[in-house]
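# Secondary and tertiary structure notes
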Amino acid sequence: MKCENQMELTFPSQSRNEGFARAAVAAFAAQLDPNLDELGDIKTAVSEAVTNCIVHAYRDTIGMISLKCRILPGSVLDIIVKDRGCGIADVAQARTPMYSTGGDDRSGMGFTIMESFMTELRVTSTPGKGTTVHMKRKIVRRGEKA
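Residues numbered from 1 in each chain as written. Predicted model: local features only at pLDDT ≥ 70, side-chain atom pairs only at ≥ 80, totals over all residues. Heavy atoms only, no water.

### Topic: the sheet that holds strand β2 (residues 64-72)
Heads up, the condition is: At least two DSSP bridges between two strands are needed for those strands to be called paired. Elements are defined by DSSP. Helices are runs of H or I of four residues or more, strands are runs of E of two residues or more, and each kind is numbered from the N terminus. Simply put, an axis is a line fit to the C-alpha atoms, just over the touching stretch for a helix, and the angle between two N-to-C directions goes from 0 to 180 degrees. Between two residues, a contact is recorded if the distance between any of their heavy atoms is within 4.5 Å.
Strand order in the open sheet formed by 5 strands is β1-β2-β3-β5-β4, and the pairing between neighbours is antiparallel. The open sheet has two edge strands with one neighbour each: β1 (5-12) and β4 (120-126). For this sheet, the mean inter-axis angle between neighbouring strands, taken without regard to orientation, is 10°. With 7 bridges joining them, β4 and strand β5 (residues 130-138) adopt antiparallel strand pairing. The partner of V123 across the bridge, within β5, is V133. Helix α1 (residues 16-29) rests against β1, β2 and β3 (76-83) of the sheet, and its axis sits at about 175° to β1.

Okay, structure coming up:
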């Protein structure tokens with residue numbers, strides 16, 4: 001699909017980079033003129049995806065996270081967050097609310113939050129090779145109906 005604009009970042013799976021990813025995507029998405037609710041939803045979904053890479057994909061090591069954003073026709077923000085970590089053995093189970101491999105301090109709601117805040121969510125993973133989270137969000141232009 002032809003895109004109107006795009007950007008790509010790669011950064012280490014360190015907690016401090018979660019905020020960087022949120023800010024970068026928010027700045028990129030600003031060209032679509034999202035309202036504050038839309039922008040908040042996008043930032044939260046990106047935060048969840050990047051945090052999953054930090055906490056689950058690389059566990060006790062540092063790896064690289066790839067973040068790609070595109071503006072697609074029809075005011076659609078397309079976001080891909082990819083890692084080359086441990087992968088997910090059972091994606092359906094991982095998408096179940098309250099399921100987590102991150103210990104008792106994790107809510108297990110990451111994929112549920114991403115799915116509820118984005119127009120579309122697709123998760124693909126291969127154990128030992130990594131995970132890709134592909135999210136889309138239709139931005140409603142001012143004066144249009146959702």
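### Here we look at the packing of helix α2 (residues 36-57) against helix α4 (residues 110-117)
Defined as follows: Here roughly perpendicular refers to angles of 65 to 115 degrees, roughly parallel to angles under 35, roughly antiparallel to angles over 145, and oblique to all remaining angles. What makes a crossing left-handed is the near helix being turned counterclockwise from the far one by less than a right angle; a clockwise turn instead makes it right-handed. As a working rule, the residues Ala, Val, Leu, Ile, Met, Phe, Trp, Tyr, Cys and Pro are called nonpolar, Asp, Glu, Lys and Arg charged, and the rest polar, with Gly in that last group.
At a closest axis distance of 9 Å, the pairing of α2 and α4 adopts a crossing angle of 150°. Looking at the two axes, α2 sits roughly antiparallel to α4. In this structure, the crossing between α2 and α4 has a hand that is left-handed. Of the residues in α4, those in contact with D41, T44, A45, E48, A49 and N52 of α2 are G110, F111, I113, M114 and F117. Counted by class, the contact of α2 with α4 contains 6 nonpolar, 3 polar and 2 charged residues.

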